[in-house]
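Coordinate inspection notes
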4 protein chains.
Amino acid sequence: MSELLGVAVLGAGHMGADHIQRIDRVVNGARVAAVADPDTERVKDAVAGIDGVSVHADATSALDAPDVQAVLIASPGPAHEEALLAAFARGLPVLCEKPMVPESAGALRVVEAEARLGRRLAQIGFMRRYDAEYQRLKSLLDSGQLGRPLMLHCTHRNVSSPAHFTTAMLVNSSVSHEIDAARWLLDQELTAVTVLRPRPTSHAPEGLLDPQLVLFETAEGALVDVEIFVNSGFGYQVRCEAVCESGSARIGDEHTMVVTTDGGAYEDVAQDYLVRFADAYDREVQTWVNATREGRVVGPSVWDGYAASAVAEAGVLAQETGGRVTVELAPRPGLYDRVNR
Amino acid sequence: MSELLGVAVLGAGHMGADHIQRIDRVVNGARVAAVADPDTERVKDAVAGIDGVSVHADATSALDAPDVQAVLIASPGPAHEEALLAAFARGLPVLCEKPMVPESAGALRVVEAEARLGRRLAQIGFMRRYDAEYQRLKSLLDSGQLGRPLMLHCTHRNVSSPAHFTTAMLVNSSVSHEIDAARWLLDQELTAVTVLRPRPTSHAPEGLLDPQLVLFETAEGALVDVEIFVNSGFGYQVRCEAVCESGSARIGDEHTMVVTTDGGAYEDVAQDYLVRFADAYDREVQTWVNATREGRVVGPSVWDGYAASAVAEAGVLAQETGGRVTVELAPRPGLYDRVNR
Amino acid sequence: MSELLGVAVLGAGHMGADHIQRIDRVVNGARVAAVADPDTERVKDAVAGIDGVSVHADATSALDAPDVQAVLIASPGPAHEEALLAAFARGLPVLCEKPMVPESAGALRVVEAEARLGRRLAQIGFMRRYDAEYQRLKSLLDSGQLGRPLMLHCTHRNVSSPAHFTTAMLVNSSVSHEIDAARWLLDQELTAVTVLRPRPTSHAPEGLLDPQLVLFETAEGALVDVEIFVNSGFGYQVRCEAVCESGSARIGDEHTMVVTTDGGAYEDVAQDYLVRFADAYDREVQTWVNATREGRVVGPSVWDGYAASAVAEAGVLAQETGGRVTVELAPRPGLYDRVNR
Amino acid sequence: MSELLGVAVLGAGHMGADHIQRIDRVVNGARVAAVADPDTERVKDAVAGIDGVSVHADATSALDAPDVQAVLIASPGPAHEEALLAAFARGLPVLCEKPMVPESAGALRVVEAEARLGRRLAQIGFMRRYDAEYQRLKSLLDSGQLGRPLMLHCTHRNVSSPAHFTTAMLVNSSVSHEIDAARWLLDQELTAVTVLRPRPTSHAPEGLLDPQLVLFETAEGALVDVEIFVNSGFGYQVRCEAVCESGSARIGDEHTMVVTTDGGAYEDVAQDYLVRFADAYDREVQTWVNATREGRVVGPSVWDGYAASAVAEAGVLAQETGGRVTVELAPRPGLYDRVNR
C-alpha cells in the first residue's frame, strides 16, 4: 500500500484530539486531512505540528475538503445523526464514536438511511470488540467448544464518576458497553431488563444511586448480569465470565507483574479505561483504516448502535420503575442479517 | 483435658457414618458413645472396630444411654424437630445437621423451645462458616477495613445433580448454603428474593430448571446474587466476592498446584463438596466438641436454622411465580440478639 | 479405637510445648503421658491444665514412666542421639524432630543401631512431606505423567533471621528442608553441592552472607537449585517448581483471598512457618499416632535423617570453599531399601 | 509529521520479510524504500503489492538507493559487520537484528567504528526491552522501590528446537536474550558464567544437551540463573523474577483467559516467540522509526551487542569445560557511558 487514507475528524475535544494523535502517530496507512470543530482554536491546538490538515468550523465543510476519503466522528452525541447522514450522502466511509445517536428514534433513522443506500458505510465505535481478551472469549464462544452460553457475569467498575454523572448514565453511558459486548458475544438480541439498586455507597455524590445490578434477558433465554459501580474507589475493572453448558471462561482478572513486598503479593489494577483499552482503541482505528483502504466495511454496524440505544432506554426505564421492562426493537433490515456482523 | 466427651450420633446413613468416623479418627477430645438408627444393622456397620458404643433403634433411647453427654443429629431432616426437642428436654448440647428443620413452621417451634429454656444448647451444621477462606473473608468484613458491604456475588456449581433432585432443591438444598453464608458474612437478615431462570442447560435432566440466578435483598440494602448450577459438568466451585465501599474481596478461585503441559497451564478444580470442605467439616465438629467440653455453645444458632428455612421457602415461591417475594420472619427472641452469634 | 496412645514428650521448649498442645488439643487418639526437660518448671507450665502427666527432669525417667507407649523427641539437637538410642533400647516408637542428629557421624550411629534392631522404630520430623501441596506434587511426580524430573527450582524465604543465625545455618538449618524435600520428591540421593553467594542484602546482620543460591546434583543427573533468603523482609515463602520431560508443576504461590483496593489486587503472604505449615505439623503427628497405634512405622526414616545431615555438611563446606563438593554417604542398610519409604 | 521515513531492508528471509510487512502494514511514519537480498526473487515476493520499492541483490546498492534514509539489517549474522560499517560510512541510522555480530572480535570492531564517529547511529534488536512486562519490571527496579537487586531467576523454554540446533546455541542464541535482559534490568555487566548440565530430556535430539542451568555473576555481586530448555514440549515460556532487598517481582506467568472445564481451570501458554513478543517487535520498530525521524538514536547500543557476544562466548566455554569462566570485556568507550543507555 502506498497512498495514505485522508481522514476528516469531526470534533476536536478530548476524544477527537486523541484520535487525531492516533492517526498521526500510531496508525499505519492514514493521515489527518481535515478537522472540524465549532471552536477552531481547539482544532488548531489539536493539529499543531501536523502538516497538510485543513481547519473547519463546520462538519460538512470538512467532509467536502480535498483529499478527504473517510470520516471519523468524535463530536458530541447530539451531532452524530446529522454527521452520519451527511457522510452517507457523500458515500464516505465512517467510524462513529459511541453513542451512535443518543436516542433510539434518531438511531433508527440512521439505520433506515443506510439501509436505503443498500450497503454499509459506517462502523460504530464499540471498542471492546477490539480488545485482545474479549476477542479471545468471542472466539472461544464461537468455536462451540463450551456449548451454548447460559449466563454472562459482568463487572464494570470505575474509580470515581465525573462531575454531573447521573443515575441514568450508569446504564446509558457505562453499561452501554456491556450491552454491546453481550449482544456481540452471544450473537443475539437483549429482550428485557431489570435493575436492582442496593443502598448506595457513601462515596457516591449525593443523589447518585451507585452501584447497581443490571439484569438482561436474551432472545434465546440466556441471562446477563452486570455490576455497574462507578465510584468503586479502587480501579477500572472490566471483567466478564461466560457460563456455558460445558464450561466457563473469564477475562479481565488482574494480570500484571506480581510484586511481593511487606507481607503481600500485589498486582496493579488499571485506573483508567484509556489504559485498560489503549490497545483496543488502536486496533479499532487500524482495523477501520485497513478495511476502508480495501473498500470494505466491517465491525459494529448502525444496527448495533441502534440496538444499544434501545436497550439502554429500556434500562433507564427499569431503573426508574424498579420492575422488568421489555425491549421493543424495530424490524431489522436485511442488510444487517447477522446480529453482530 | 482428659475425659473424652461421649457423643450420641443420631442417624447412621452417609452423613452419620461420616461423622462417626470423624469423631473416632479425626476429632480430639470426643468419642462415640451411642448411635441410633431404625436400621440397626447399618449402625453396626458404622461402628465396626470402635469400642464402647451402644447400639439403638430409637433416638431417645440413645440420648438416655450411659456416658452420653452430647448429641450429633445426622438423621433425615423430618426427624430433626423431635430430636432437637428431646435433647433440649434433657439439657444435652446438640450439633444438628442442616436443614435444621425442613419447614419454617417447625423450625420456629424449635426456636421457641430453646428460647423458653433461656440458654442455647444447639449449634446448626452450616459448615461453610468453618472454611478457612470464608473465615478470612468474614474477618476482613468485620474489620471494617473495606467499609460497608454493598453486594455479594456468589457462584455455586456442582458437577451433576443426584437422581430425584428437583428445581425447588436448587434453592432449598443448594442455595441454602449461600443463604446462611450471606446472613453470616453481612450480619443482617435477607428480606426479599427474586429468581431468574435462563433456558436450562441441555445437560440437566428433563424438567430440572438448571441453572438459575437467585437474587436476595437485605435488611440494610445490600444485594446478593447467586449463580446456582448443579449440572455444570466441570467441578464443584464455590466462590464469593464481597463488593464493599472501599474495595472488594473474593474467595474460592482455583488455588492448587499449577501444572504446565501440552500448551496450557492447568489447576485442578475440586469435584466434590466433601473434598472442597473437608477441613471445614472437621473444624466444625472440633469447634463444637471444644465448646461443649468447656460448657459453651457457639456457632450458628437455631435462629439461623429457622431464618434459612424461611428464606428458602420464599425463594421456592419466587422460583414458581417468577416475581419478587418478601421474606416474613417471626420476631427474634432476645436470646439471639445478634444475627450471627 | 478406644485406648489413647500415651506419649512421652522430651523437651518442653518452644517446639515441645507446641507438640504438647497439639497432642492434647488437636490430635485424635493420643494423650500426653510424661514430659521431660531439665527445667521442670518449664514442664509444669507446658502441661498446665492437662491431667495425668508425669513430670521428669530426665529423659530416660520419662521413657520408663507408666503408660508411656511412644516418644516424641523435641529436645535440643545434641540430645537426640542418646534419646533415640534409649527409645530403641526399650522398643518404643519415636517421632524425632529435625535435625535428627546434628552431625552426620552421630546420625550414622543411629542408622546402624536401628538397622541392628532389624525393624524401624523412628519417624523423623521432616514435616513438609505432610503438607498438602507437597503431597500433591509428590503424587504427580510418582504418577509418571510428566515424565522424568530434570530440575527442581526452589525458593525458601523468611522475613528475618533470628539472633545468632549463622551463614552455615542457611544450609544446615534452612536448606535442610529442601534437602529432604528434594530427596523425597525425586526419590534419589543428592551427590554434589555448589553454593553461590551474591553480595548480601543490606538488611542482613553484619557478617551473615544472605541470600545464597545452593545447587545440588542428584544420583540420576537431575539438578536442584535453592534460593535461600532468610532476611527477605516480605514473608515466609516456600515454593517449588518441578521441571520434567513433559511438563512442569509448581507449588507455593500465594493462594489466599484476593483483595482489590487502592489501585491494586493483593494476596497475603504467610509471615511464619508455623502458619504456612500448621496443617503439615498436625498431619505429621496424626499420621505418626495412627501408625503407632496400628503397630506400623512410616514416613521419613533415620536414613533420611542421616542423608540430610551428610548433604548439609557438604553444603557448608561448599559455602566455605566456593567450589563444588561431592557428598559421600555410607552404604545404605537393606532396611532402608527405597530412598524415601 | 508528514514525510514517511524511507527504509532500506537488508535481507528478505523470514525475519526480513516479517519486518517488511511490519513497516508496510503496522508501523506509523515509515515506508519500505529498498530491499536487498542476494536472492532477488525472494525480494520480489517479499515486496509484492508494495509500491515504490527498489530491488537490490547487493546491500550497498540498497543503501545508496534514492529515498533511503535509514537501514534495517535482517540479513544473516555474518553479513552484519560489513553492513553496519557501510551504514556508518553513509551516516545512516540503523536497526540491526541480533546477534549484532556473531563473534565478539567483529562486534568490537563495530563498537570502535561507531566510537570513532563520535555519535550513535545504531540500535540493536534486543526486542525484550520493548515488551510491556519487561518494561514494567525495569521501571520498578529503576524506581529503587524494592532496593538493590540481589538475584534474577529466569526461565526460557521453547516447545522444540529447530533442526541443526546445537548445544552451543542454547547459550549463544537462546540465552543471549537473557544476557541482554539481565544487563539492562540490572544496569551492570556480567563478569563470570558457570553452566550446569542435568541429564538431558529424552525429547531432545541425540547429542543436544538440553536443558541447562546457566549462572551469571555481575559486576556488583548479583546472581542471575537461567533455565534454558528448548525441547520443553509444552510452550514458549519466558519468565523473570527479580529478588531485591525489599521485595521481589515476577513477570511472564500465564495471563490469559481462564477456562474451567472437565475438572480443571486452564490458561493457554504461548507456543511461539512471535506470539509472545509480537507487540515487542512492533514497539521496537516503531520506537526506532520515531527516534530516527526526530534525529535521535536510542535503545540497545553496539556496546550492548558486543557485550552480549562476549558473555555468550564465555558461556559456551563454560558449557564445554564444566567450570566457571570469567568474562573479559574491552574498555568501554565514553560514548556508551551508561551500560544500558
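Residues numbered from 1 in each chain as written. Chains lettered and ligands numbered in written order. Predicted model: local features only at pLDDT ≥ 70, side-chain atom pairs only at ≥ 80, totals over all residues.

So, on to the overall build of chain A. In terms of helices and strands, chain A carries 10 helices and 15 strands. Referenced to the eigenvectors of the C-alpha coordinate spread, the extents of chain A come out at roughly 55 × 55 × 45 Å. Expressed as a percentage of the 341 residues in chain A, the buried residues total 55%. Sequence-distant contacts, at least 24 apart, represent 70% of the contacts inside chain A between residues at least 6 apart. (Helix = DSSP H or I, 4+ residues; strand = E, 2+ residues; numbered from the N terminus. Buried ≥ 20, exposed ≤ 12 C-beta atoms within 10 Å, placed from the backbone. Contact = placed C-beta atoms within 7 Å.)

Another aspect to go through is the relation of the copies chain B and chain D. Applying a rotation about an axis and a shift along it to one chain copy brings it onto the other copy. Between chain B and chain D, the superposition needs a rotation of 180 degrees and an axial shift of 0.0 Å, giving an RMSD of 0.0 Å. This pairing of chains is accounted for by a two-fold axis. Among all residues of chain B, the minimum C-alpha distance to the rotation axis is found for Tyr-266 of chain B, at 2.2 Å. Comparing interface residues between copies, 100% of those in chain B also sit at the interface in chain D, which points to an isologous, same-surface contact. (Least-squares fit on C-alpha atoms with pLDDT ≥ 70 in both.)

Another aspect to go through is helix 9 (residues 278-293) of chain C. With 16 residues, helix 9 of chain C ought to run about 22 Å at 1.5 Å a step, and its terminal C-alpha atoms sit 23 Å apart, in line with that. In this fold, the buried residues of helix 9 of chain C make contact with strand 1 (5-10), helix 1 (14-25), strand 2 (30-36), strand 4 (70-73), strand 5 (94-97) and strand 6 (122-125) of chain C. (Expected span 1.5 Å × (residues − 1).)

All right, on to the sheet that holds strand 5 (residues 94-97) of chain D then. Residue and element names in this part refer to chain D. Ordered by their spatial adjacency, 6 strands build an open sheet running 3-2-1-4-5-6, and the pairing between neighbours is parallel. On the outer flanks of this sheet lie strand 3 (54-56) and strand 6 (122-125), each paired with one strand and no other. Each neighbouring strand pair of the sheet contributes to a mean axis angle of 25 degrees, computed without reference to strand direction. The pairing of strand 2 (residues 30-36) with strand 3 spans 3 bridges and is parallel. Within strand 3, the position partnered with Ala-36 by the bridge is His-56. (Pairing = 2+ DSSP bridges. Axes fitted to C-alpha atoms, helices over the stretch in contact; angles between N-to-C directions.)

Let's shift gears to the packing of helix 6 (residues 132-143) of chain B against helix 7 (residues 167-186) of chain B. All names here are of chain B. As a packed pair, helix 6 and helix 7 sit with axes 9 Å apart at the nearest point and diverge in direction by 35 degrees. Facing Tyr-134, Leu-137, Lys-138 and Leu-141 of helix 6, the residues of helix 7 in contact are Ala-181, Trp-184 and Leu-185. Per-class residue counts for the contact of helix 6 with helix 7 are 6 nonpolar, no polar and 1 charged. (Nonpolar A, V, L, I, M, F, W, Y, C, P; charged D, E, K, R; others polar.)

Next up on the list: helix 6 (residues 132-143) of chain A. Residue pairs spaced three or four apart in an α-helix point in one direction, given the helix's 3.6 residues per turn. Residue and element names in this part refer to chain A. For helix 6, which comprises 12 residues, the first-to-last C-alpha distance of 16 Å matches the rise-based estimate of 16 Å (1.5 Å per residue) to within 8%. Considered for burial, the residues of helix 6 that qualify are Glu-133, Tyr-134, Leu-137, Lys-138 and Leu-141. For helix 6, the buried positions fall inside an angular range of 135 degrees around the axis, keeping them on one side. Residues Ser-139, Asp-142 and Ser-143 are exposed on helix 6 and point more than 90 degrees away from its buried face. Against the buried residues of helix 6 lie strand 7 (149-157), helix 7 (167-186), strand 11 (237-244) and strand 12 (247-251). (Arc of directions from axis to C-beta.)

Once that is clear, we can look at the interface of chain B and chain A. Taken residue by residue, the interface counts 25 residues in chain B and 25 residues in chain A. Of all elements in the fold, only strand 7 (149-157), strand 9 (212-218) and strand 10 (223-229) of chain B reach the threshold of two or more residues within the side of chain B that touches chain A. Looking at the side of chain B that touches chain A, the element that brings in the most residues is strand 10 of chain B, giving 4 residues. Looking at the side of chain B that touches chain A residue by residue, the class counts come to 12 nonpolar, 8 polar and 5 charged.

This part is about the environment of Phe-216 of chain A. Residues and elements named next belong to chain A. You can see Phe-216 is positioned in strand 9 (residues 212-218). Between the C-alpha atoms of Phe-216 and Gly-315, which are 99 residues apart in sequence, the distance is 8.9 Å. Phe-216 has contacts with Ala-182, Leu-190, Val-193 and Val-224, leaving out every residue within four places of it along the chain.

What follows concerns the pairing of strand 1 (residues 5-10) of chain B. Moving residue by residue along a regular strand, the side chains alternate between the two faces of the sheet. All names here are of chain B. For strand 1, the buried fraction is high: 5 of the 6 residues fall into the buried class. Note: strand 1 against strand 2 (residues 30-36), 6 bridges, orientation parallel. Residue pairing across strands places Val-9 opposite Val-35, the latter belonging to strand 2. Regarding topology, helix 1 (residues 14-25) serves as the crossover connection from strand 1 to the parallel strand 2, and that connection is right-handed. Relative to strand 4 (residues 70-73), strand 1 runs parallel, the two being bridged by 4 bridges. Residue pairing in the sheet places Val-9 in a bridge with Leu-72 of strand 4. (Right-handed = clockwise from strand over helix to strand, strands pointing away.)

This part covers the domain arrangement of chain A. Residue and element names in this part refer to chain A. We note that the domain assignment places domain 1 (5-128 + 280-301) and domain 2 (131-276 + 303-336) within chain A. Using C-alpha coordinates to define each centre, domain 1 is positioned 26 Å away from domain 2. Taken together, the contact pairs 18 residues of domain 1 with 17 residues of domain 2. Taken together, the residues of the side of domain 1 that touches domain 2 break down into 11 nonpolar, 3 polar and 4 charged. (Domains from an automatic or database assignment.)

We now examine the nonpolar core. If you look at the biggest cluster of nonpolar residues, it comprises 436 residues, and the most contacted ones within it are Val-35 of chain A, Val-35 of chain B, Val-35 of chain C together with Val-35 of chain D. Once residues within four sequence positions are removed from consideration, Val-35 of chain C is found in contact with Val-9, Ala-12, Ile-20, Val-43, Ala-46, Val-47, Val-53, Val-55, His-56 and Ala-62 of chain C. (Core = buried A, V, L, I, M, F, W, Y, C linked by C-beta atoms within 7 Å.)

Between chain B and chain D, the contact holds 14 residues from the first and 14 residues from the second. Taken together, the elements giving at least two residues each to the side of chain B that touches chain D come down to strand 13 (258-261) and strand 14 (264-268) of chain B. The element contributing the most residues to the side of chain B that touches chain D is strand 14 of chain B, with 5 residues. Looking at side-chain class alone, the side of chain B that touches chain D contains 4 nonpolar, 6 polar and 4 charged residues. Bridging between strand 14 of chain B and strand 14 (residues 264-268) of chain D involves 5 bridges; their strand directions are antiparallel. Directly across from Glu-267 of chain B, in strand 14 of chain D, lies its bridge partner Ala-265 of chain D.

Here we come to the environment of Val-195 of chain D. The topology assignment puts Val-195 of chain D in strand 8 (residues 190-196). Along the sequence, Val-195 of chain D and Val-297 of chain D sit 102 residues apart, while their C-alpha atoms lie 35 Å from each other.

So, about the sheet that holds strand 2 of chain B. Residues and elements named next belong to chain B. If you walk across this open sheet you meet the 6 strands as 3-2-1-4-5-6, and the pairing is parallel. Each having just a single partner strand, strand 3 (54-56) and strand 6 (122-125) make up the two edges of the open sheet. Between one strand and the next, the sheet's axes are offset by a mean angle of 25 degrees, whatever the strand orientation. Its contacts with the sheet place helix 1 against strand 1, strand 2, strand 4 and strand 5 (94-97), and it is angled at close to 150 degrees to strand 2. In the packing of helix 9 (residues 278-293) onto the sheet, contacts are made with strand 1, strand 2, strand 4, strand 5 and strand 6, and the angle to strand 1 comes to roughly 130 degrees.

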